[in-house]
Amino acid sequence: MRFSDRIRALLGMSVMRDDDWDNLVDLLVEGDLGPAFADAAVTELQKLCAQEGVRDGAGARSLLARVLAPHARSVRVEPIPGGLNVVLMLGVNGVGKTTTAAKLARLWTANGLASKAVLAAGDTFRAAAIDQLKLHGQRLGMRVVAQTQGSDAGAVLYDAVEAAAAEGADLVVADTAGRMHTKQNLIRELEKLDKIVAARTDRERYRKLLVVDATTGQNALRQAEVFSAAVKIDGLVLTKYDSSARGGLALAIARDLGIPTAFICDGEAYGDIKPFEPERYLSEFLGL
Ligand SMILES: Nc1nc2c(ncn2[C@@H]2O[C@H](COP(=O)(O)OP(=O)(O)OP(=O)(O)O)[C@@H](O)[C@H]2O)c(=O)[nH]1
Ligand SMILES: [Mg+2]
């Protein structure tokens with residue numbers, strides 16, 4: 001059963017009983033809110049229901065949307081005209097960085113927010129990663145700036161920014177390696193990449209997006225912790241939302257780390273990317 005159906009089933013009764021509240025906490029934990037957040041949300045919900053004299057499940061469900069709404073935070077990271085925009089895709093192995101890089105470059109050139117995009121093969125760790133990005137470049141008719149496997153990712157980003165400037169492109173979308181580092185290594189590497197891009201890009205035109213797989217639950221929260229300890233993350237991209245019936249993750253990451261969500265991806269095709277719409281997301285999550 002989909003998560004929203006389970007919420008609807010649980011909060012479908014005419015009068016909420018004591019153990020319904022406990023079951024609601026459990027269900028929200030399963031929905032990837034995490035135990036502390038789920039507990040706090042239901043405590044607040046009970047208070048709100050008491051205040052408003054709401055005793056039925058359906059009423060509680062719509063008040064729950066009100067309790068969660070402050071944590072459904074979105075951010076717009078569209079390219080800003082008048083200069084070169086750089087987007088760095090960050091995240092651990094297999095979450096969808098390369099795919100999302102291509103989706104974003106396509107989205108923004110297709111809708112006219114960028115006139116010309118360059119893809120940067122900043123994942124120099126795996127040869128296949130470079131080929132994967134080159135294939136996207138061929139399909140989308142975009143230049144891919146790459147070096148050989150094992151080369152310095154910073155040098156690739158540097159080249160990509162230079163090439164974009166030389167060609168009059170207004171967007172660079174840069175892939176990065178998703179290998180699991182020790183925390184210290186990750187921090188050092190990200191700081192280096194960050195410095196290289198920041199020195200050559202307007203502050204407001206440079207975005208770092210953290211890609212997380214919606215099916216990995218609380219693991220994604222830990223990934224967000226580690227990455228945001230290294231660099232400032234501007235926004236989250238939630239991938240594989242198609243295969244996950246839950247998805248309270250965006251709420252949990254916003255609550256714990258203050259990171260808003262930029263996009264939701266729900267498939268492997270280029271078009272399977274949508275701006276994060278908090279109200280719609282909450283309605284879907286809660287089955288309103
Ligand atoms: N169903 C679904 N699959 C996705 C989505 N985004 C990416 N994928 C798939 O997930 C797999 C991994 O995607 P990649 O883009 O290669 O992920 P990555 O983060 O670049 O992986 P590494 O380079 O190995 O770190 C691929 O098979 C993608 O097609 C999505 O939103 N939904
Ligand atoms: Mg990749």
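About the criteria used
Residues numbered from 1 in each chain as written. Chains lettered and ligands numbered in written order. Predicted model: local features only at pLDDT ≥ 70, side-chain atom pairs only at ≥ 80, totals over all residues. Heavy atoms only, no water. Helix = DSSP H or I, 4+ residues; strand = E, 2+ residues; numbered from the N terminus. Contact = heavy atoms within 4.5 Å. Phe/Tyr/Trp six-rings, centres within 6.5 Å; stacked < 30°, edge-to-face > 60°. Buried < 20%, exposed > 50% of the residue type's maximum accessible area, 1.4 Å probe, protein only. Domains from an automatic or database assignment. Buried area = accessible area lost by both parts, 1.4 Å probe. Polar contact = N/O pair within 3.5 Å; in protein donor to acceptor, adjacent residues only side chain to side chain.

Participant: Would you take a moment to explain the environment of Ala102 for this structure?
Facilitator: Among the secondary structure elements, Ala102 is positioned in helix α5 (residues 97-110). Along the sequence, Ala102 and Val118 sit 16 residues apart, while their C-alpha atoms lie 10.0 Å from each other. For Ala102, the residues in contact, after removing those within four places along its chain, are His136, Leu140 and Tyr270.

Participant: Explain the packing of aromatic side chains to me, please; I cannot follow it from the model alone.
Facilitator: In the structure shown here, the tally under the stated rule is five aromatic pairs. Judged by centre distance (6.4 Å) and plane angle (5°), the rings of Tyr281 and Phe285 are stacked. You can see Tyr281 and its partner Phe285 sitting in helix α11 (residues 278-286), four residues apart, about one turn around the helix. A relative accessible area of 2% means that Phe285 is categorised as buried. The structure contains a cluster of three or more aromatic residues connected by ring pairs, namely Phe3, Tyr241, Phe276, Tyr281 and Phe285.

Participant: How should I be thinking about the domain arrangement of the chain in this particular structure?
Facilitator: For an interface, size is often stated in terms of accessible area lost upon the parts coming together. Domain annotation for the chain reports domain 1 (3-71) and domain 2 (85-276). Using only C-alpha atoms to locate each centre, domain 1 and domain 2 end up separated by 35 Å. Contacts between the two partners involve eleven residues from domain 1, matched on the other side by 13 residues from domain 2. Contact with domain 2 buries area across many residues of domain 1, yet Asp32, Phe37 and His71 alone supply 56% of it, more than any other trio.

Participant: Looking at this model, I keep getting lost on the environment of Lys274. Mind explaining?
Facilitator: You can see Lys274 is positioned in strand β8 (residues 273-275). Linking Lys274 and Leu104, residues 170 residues apart in sequence, is a C-alpha distance of 9.9 Å. If sequence neighbours within four positions are ignored, Lys274 has contacts with Ala262, Phe263, Ile264 and Asp266. A polar side-chain atom of Lys274 sits 3.1 Å from a polar atom in the side chain of Asp266.

Participant: Would you mind showing me how to read unusual backbone geometry here?
Facilitator: Leaving glycine aside, a negative phi is the common case for residues, and trans is the common case for peptide bonds. The phi angle at Asp32 is positive, at roughly 75°, despite the residue not being glycine. In this model, Lys240 sits at a positive phi of 55°, which is unusual for a non-glycine residue. Relative to the elements of secondary structure, Lys240 occurs in the loop between β6 (235-239) and α10 (249-257). With relative accessibility at 31%, the residue Lys240 sits in the partly exposed group.

Participant: Looking at this model, I keep getting lost on the side chain of Asp194. Mind explaining?
Facilitator: Along the polypeptide, Asp194 turns up in helix α8 (residues 183-198). Other than its neighbours up to four places away in sequence, Asp194 contacts Tyr206, Lys208 and Val231.

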